[in-house]
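Chain residues, written in single-letter form:
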Amino acid sequence: MKYKYIYRLLAVCCACIVTGGCGKSDEFTAKGVVAGATGQTLYLENTGLSTVTVIDSIKLKPDGKFTFRQKRPEYPDFYRLKLKNQLIHFSVDSTETVTFTADAHNFATSYTVEGSENGKAIKEITLAQLDANQEIHKLRDSYGMNLIPDTTYQENVLNAVKSYKEIALKYIFGAPASPVAYFALFQQIDGLWFFDLYDRTDSRAYGAVATSYKACYPESPRAKQLETLALQSMRVTRGERRNALNLNDAKEVSFIDIDLPDVNNNRVKLSDVAQGKAVLVNFTAYQTEWSPSFNMSLNEIYNRYRERGFDIYQVSLDNDAHFWKNAASNIPWTSVRDPQSIYSSIAAIYNVRQLPALFLLNKKGEMVKRIESIDTMEDEVKSVL
């Protein structure tokens, strides 16, 4: 094990050397040609941790040529060329000149990039993300029109996510210190990260990139962000009792609150239900074929442990509000519904990828675990009582 660790450390150090460069210039250049864009404005933007900033622009002439020169970033950073609503993403580390050739009609998908291997890899990841995005939106449209059942929808969404991740993981574990690995890790679909912070397998991806960035760029804001997320991920997936860290500061995070209407149209907050209780947070859909038997299992656990300070906060993502109200009318625990259904922003924040999804809060109001299997649900509940 010691030798394996040394080899991994050497690999990370080599990656740092490769991406660090020799510092020949204080500037980087992004240049190229965009055909068919006469009179249009091309923007160069910096993609920060939480903001996108326009740093330069040029009105394209008939020859379509452009050149942007900017100060090289202190640490590897991300930029994008923007033409109307189309984007070309790239990174800057040791690269001094990146050259693009594109066409205005398919600017974001059919461009070529020279002078940056990272830029070529980022293009591959971007296309994989766009493919998954397109497939998932098709599935959502079909699901919204009741053309496919819940199980088919969920299975095909997971397959689309899996296809993206197969490409992304080549870079995440192949070169975890590279900007490409970071870029692959944080791609989204409708605000939801492909890599789930609260999934045991995905947690390893966050850990790999976080460890490498910390070794290579310890003072980089992205290294600090990655370390924070990796700690938060490990705390939940491994059940560690350390403080979870927020992305922006070191304050303790308990859980993301939910405030939705119940069957009587009274808004109920998760934080109110969780006062002094261990709470099982469950995202579900009553219209699925497995819902009745699943709720029977929940009822057994609820009756067995409610006297010991246990409760359930169940979030329905059903399309049909009337069906949900009828089905949930006799449920003894709190049942609320998100009217956004499968487009739920709350479910996205919790990184819900399939139903039922289960999260566990202890009596201190701390999220301590994402329950991976229904079979272990009762044991997990007992562990916080």
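Residues numbered from 1 in each chain as written. Predicted model: local features only at pLDDT ≥ 70, side-chain atom pairs only at ≥ 80, totals over all residues. Heavy atoms only, no water.

## Notes on the nonpolar core
Then step 1. Core analysis: the biggest nonpolar cluster contains 90 residues, and Ile-258, Phe-283 and Tyr-313 have the highest contact counts within it.
Then step 2. Examining the composition of this core, we find that eight residues originate from one element, helix α2 (residues 117–144), more than from any other.
Then step 3. By size, the runner-up hydrophobic cluster in this structure holds 22 residues, among which are Val-34, Leu-42, Phe-90 and Val-113. (Core = buried A, V, L, I, M, F, W, Y, C linked by side-chain atoms within 4.5 Å. Buried < 20%, exposed > 50% of the residue type's maximum accessible area, 1.4 Å probe, protein only. Helix = DSSP H or I, 4+ residues; strand = E, 2+ residues; numbered from the N terminus.)

## Observations regarding the environment of Thr-126
Then step 1. Along the chain, Thr-126 falls in helix α2.
Then step 2. Among the residues examined, Thr-126 registers a relative accessible area of 10% and is labelled buried.
Then step 3. Distance in space between the C-alpha atoms of Thr-126 and Ala-108 is 8.9 Å, their sequence separation being 18 residues.
Then step 4. The contacts of Thr-126, once residues within four sequence positions are left out, are His-89 and Phe-183. (Contact = heavy atoms within 4.5 Å.)

## Some words on the packing of aromatic side chains
Then step 1. Throughout the structure, instances matching the rule amount to 18 aromatic pairs.
Then step 2. Between Tyr-182 and Tyr-213, the ring centres sit 5.7 Å apart and the planes meet at 35°, which makes this aromatic pair tilted. Separated by 31 residues along the polypeptide, Tyr-182 in helix α4 (residues 179–185) and Tyr-213 in helix α5 (residues 200–216) bring together distant segments of the chain.
Then step 3. Residue Tyr-182 is classed as buried on the basis of its relative accessible area, which comes to 5%.
Then step 4. The class of Tyr-213 is buried, set by a relative accessible area of 1%.
Then step 5. Between Tyr-213 and Tyr-217, the ring centres sit 5.3 Å apart and the planes meet at 65°, which makes this aromatic pair edge-to-face.
Then step 6. Tyr-217 sits in the buried class, given a relative accessible area of 8%.
Then step 7. The aromatic ring of Tyr-111 is capped on one face by Lys-123, whose charged end is 5.0 Å from the ring centroid. (Phe/Tyr/Trp six-rings, centres within 6.5 Å; stacked < 30°, edge-to-face > 60°. Lys NZ or Arg CZ within 6 Å of the ring centre and 35° of its normal.)

## Things to note about the confidence of the model for the protein chain
Then step 1. Averaged over every residue, the pLDDT of the protein chain is 84; the share at 70 or more is 87%.
Then step 2. Scored below 50 in pLDDT, residues 240–253 makes 26 contacts in the model with residues more than four places away or belonging to other chains. (pLDDT = per-residue confidence, 0-100.)

## What to know about the pattern of salt bridges
Then step 1. Scanning all chains against the criterion turns up 15 salt bridges.
Then step 2. Across the pair Asp-196 and Arg-370 runs a salt bridge, and its minimum N-O distance is 2.4 Å. Here the residue Asp-196 occupies a position in the loop between β10 (192–193) and α5, and Arg-370 occupies one in strand β17 (residues 367–371), the gap between them amounting to 174 residues.
Then step 3. Here Asp-196 falls in the buried class, since its relative accessible area comes to 2%.
Then step 4. Taken together, the shared-partner salt bridges in this structure form one network comprising Glu-114, Glu-117 and Lys-120. (Salt bridge = Lys/Arg side-chain N within 4 Å of Asp/Glu carboxyl O.)

## Focus: the layout of surface pockets
Then step 1. The computed volume of the largest pocket comes to approximately 710 Å³.
Then step 2. Considering the residues around the largest pocket, the lining is formed by 25 residues, among which Thr-47, His-89, Phe-186, Gln-187 and Gln-188 are closest to the centre.
Then step 3. Tallying contributions element by element places strand β6 (residues 86–92) first for the lining of the largest pocket, with four residues.
Then step 4. Split by residue class, the lining of the largest pocket holds 13 nonpolar, 10 polar and two charged. (1 Å grid on protein atoms, 1.4 Å probe; cavity = no way out; pocket = protein on both sides within 12 Å on 5 of 7 lines; lining within 4 Å. Points joined across faces, edges and corners; volume = space filled by probe spheres on them. Nonpolar A, V, L, I, M, F, W, Y, C, P; charged D, E, K, R; others polar.)

## A closer look at the side chain of Arg-72
Then step 1. Within the element layout of this structure, Arg-72 appears in the loop between β4 (65–71) and β5 (77–83).
Then step 2. Within the local environment of Arg-72, its side chain forms a polar contact with the backbone oxygen of Asp-93, the two atoms lying 2.7 Å apart. (Polar contact = N/O pair within 3.5 Å; in protein donor to acceptor, adjacent residues only side chain to side chain.)

## Notes on unusual backbone geometry
Then step 1. Although it is not a glycine, Lys-84 sits at a positive phi angle of roughly 55°.
Then step 2. In this fold, Lys-84 is placed in the loop between β5 and β6.
Then step 3. Judged by its relative accessible area of 60%, Lys-84 falls in the exposed class.
Then step 4. The backbone of Asn-265 shows a phi angle near 65°, a positive value even though the residue is not glycine.
Then step 5. With respect to the element layout, Asn-265 can be found in the loop between β11 (259–261) and β12 (267–269).
Then step 6. Its relative accessible area of 58% is what places Asn-265 among the exposed residues.

## With respect to the sheet that holds β5
Then step 1. Strand order in the open sheet made by the four strands is β3-β2-β5-β6, with antiparallel pairing throughout. Only two strands of the sheet have a single neighbouring strand rather than two, namely β3 (52–59) and β6. For this sheet, the mean angle separating the axes of adjacent strands, direction not counted, is 25°.
Then step 2. Examined bridge by bridge, strand β2 (residues 41–47) and β5 share six bridges and lie antiparallel to one another. When the sheet's bridge partners are listed, Tyr-43 is paired in β5 with Lys-82.
Then step 3. Sheet contacts for α2: β5 and β6; angle to β6, the most-contacted strand, approximately 140°. (Pairing = 2+ DSSP bridges. Axes fitted to C-alpha atoms, helices over the stretch in contact; angles between N-to-C directions.)

## Thoughts on the pairing of β3
The side chains of a regular strand alternate between the sheet's two faces.
Then step 1. Looking at chain direction, β2 and β3 are connected through seven bridges and run antiparallel. Within β3, the residue paired with Glu-45 across the bridge is Val-54.
Then step 2. Between β2 and β3, which pair antiparallel in sequence order, lie four residues.

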